[in-house]
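This is what each chain is made of:
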Amino acid sequence: MKKIKILFGLILLLTFSYTLGIIQSISQPNIYQIMAQSSKSDLVFGDYSFLIGKILTIFIYAGLIISLKWINEILKKGFFTTTSKKLMRNAGYLFLFVGVITGVLDIIRLYAGNPTQALINDVIIWLTIGLLGFIILIIADMAQTGYQLKSENDLTI
């Protein structure tokens, strides 16, 4: 449980950082408009590139919040509960979705002749997020199996 508490603290720190970033983007929208305008001609998706990035950031933020709820459920009630299983699966699908969409967008940018936007760092990030989602889905399946075994064991006693 100590490692799960450490993981909870790390995800809480990441969620706090994303919250500060969202508050900054709401409180100072002119800075982001200037950044979007300065690089608009270089972007494959034009004005929508900035919007796509913000939407993907919100999806990651939602995944972090679901992960916080999931780990909090594990700390309070244990690993093999229906709520933790559902939250795990939701977070896994959300992270996998963000990883796949970001990967597709980077591939489109690369084939559009703009390799500067599809740097190796971007590829590593979307692969990591997609892999994280896939790993969480695997753990959710293991939790499903564990929940079924626990339920059967509770019925036999």
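Below you will find a few notes about this structure. (Residues numbered from 1 in each chain as written. Predicted model: local features only at pLDDT ≥ 70, side-chain atom pairs only at ≥ 80, totals over all residues. Heavy atoms only, no water.)

## Comments concerning the pattern of salt bridges
Pairing is possible between side chains that carry opposite charge, provided their charged atoms lie close to one another. Quick note on the threshold: Any Lys or Arg side-chain nitrogen found within 4 Å of a carboxyl oxygen on Asp or Glu counts as a salt bridge. Secondary structure elements are taken from DSSP: a helix is a run of H or I of four residues or more, a strand is a run of E of two residues or more, and numbering for both begins at the N terminus. Exposure is judged per residue with a 1.4 Å probe applied to protein chains only, and the accessible area is read against the type maximum: over 50% gives exposed, under 20% gives buried, and values in between give partly exposed.
In total, this model carries two salt bridges according to the counting rule given. Here glutamate 73 ties to lysine 77 by a salt bridge, and the two come within 4.0 Å at their closest N and O atoms. Taken together, the positions of glutamate 73 and lysine 77, both in helix α3 (residues 48–77) and four residues apart, correspond to about one turn of that helix. With a relative accessible area of 12%, glutamate 73 lands in the buried category.

## Quick notes on the nonpolar core
As a reminder of what qualifies: Put simply, a nonpolar core is a bunch of buried Ala, Val, Leu, Ile, Met, Phe, Trp, Tyr and Cys residues held in one set by side-chain atoms that sit within 4.5 Å of each other. In this analysis, two residues are considered to be in contact whenever any of their non-hydrogen atoms come within 4.5 Å of each other.
Counting 20 residues, the largest nonpolar core has Ile60, Trp70, Met88 and Phe95 as its most contacted members. At the level of secondary structure, the elements contributing two or more residues to this core comprise α3, α4 (82–111) and α5 (120–156). Element by element, the count of residues in this core is highest for α3, at eight residues. With near-sequence residues (within four places) excluded, phenylalanine 95 lies in contact with Ile60, Gly63, Leu64, Ser67, Ile129, Gly130, Leu132, Gly133 and Ile136.

## Some points on α4
Short version of the rule: What a helix is expected to span follows from its residue count: subtract one and scale by 1.5 Å.
The first and last C-alpha atoms of α4 sit 43 Å apart over 30 residues, in line with the 44 Å expected at 1.5 Å per residue. Just beyond α4, the residue with positive phi is glycine 113, at close to 90°.

## Comments concerning the environment of threonine 83
Relative to the helices and strands, threonine 83 resides in helix α4. Assessed through its relative accessible area of 34%, threonine 83 is described here as partly exposed. It is 7.4 Å that separates the C-alpha atoms of threonine 83 and glutamate 73, two residues lying ten residues apart in sequence.

## Re a nonpolar patch on the surface
The condition is simple: Candidates for patches are residues over 30% relative accessible area with no salt bridge; among them, like charges are joined within 9 Å and nonpolar side chains (Val, Leu, Ile, Met, Phe, Trp, Tyr) within 5 Å. Only the protein chains shown count as covering a residue, and every accessible area follows the Shrake-Rupley method with a 1.4 Å probe.
Together, Leu131, Phe134, Ile135, Ile138 and Met142 make up a nonpolar patch on the protein surface, roughly 480 Å² of accessible area in all. With respect to the helices and strands, the residue methionine 142 is situated in helix α5.

## Structural notes on the layout of surface pockets
Where empty space is left in the structure can be found by rolling a water-sized probe over the atoms. Counted only if it meets this: We place a 1 Å grid over just the protein atoms. Points where a 1.4 Å probe fits but has no way out form a cavity, open points with protein on both sides within 12 Å along at least 5 of 7 lines form a pocket, and any residue with an atom within 4 Å of a point lines it. Grid points are joined across faces, edges and corners, and a volume is the space filled by probe spheres set on the points. Asp, Glu, Lys and Arg are counted as charged, while Ala, Val, Leu, Ile, Met, Phe, Trp, Tyr, Cys and Pro are counted as nonpolar; the rest, among them Gly, fall into the polar class.
Estimated volume of the second largest pocket: approximately 430 Å³. Elements supplying a minimum of two residues to the lining of the second largest pocket: α1 (2–27), α3 and α5. Residues belonging to the lining of the second largest pocket are distributed by class as follows: 18 nonpolar, two polar and no charged.

## Quick notes on α1
Compared with an ideal rise of 1.5 Å per residue, which puts 26 residues at 38 Å, α1 spans 37 Å between its outermost C-alpha atoms and is within 8% of the ideal. Those residues of α1 not exposed but buried are Ile11, Thr15 and Ser25.

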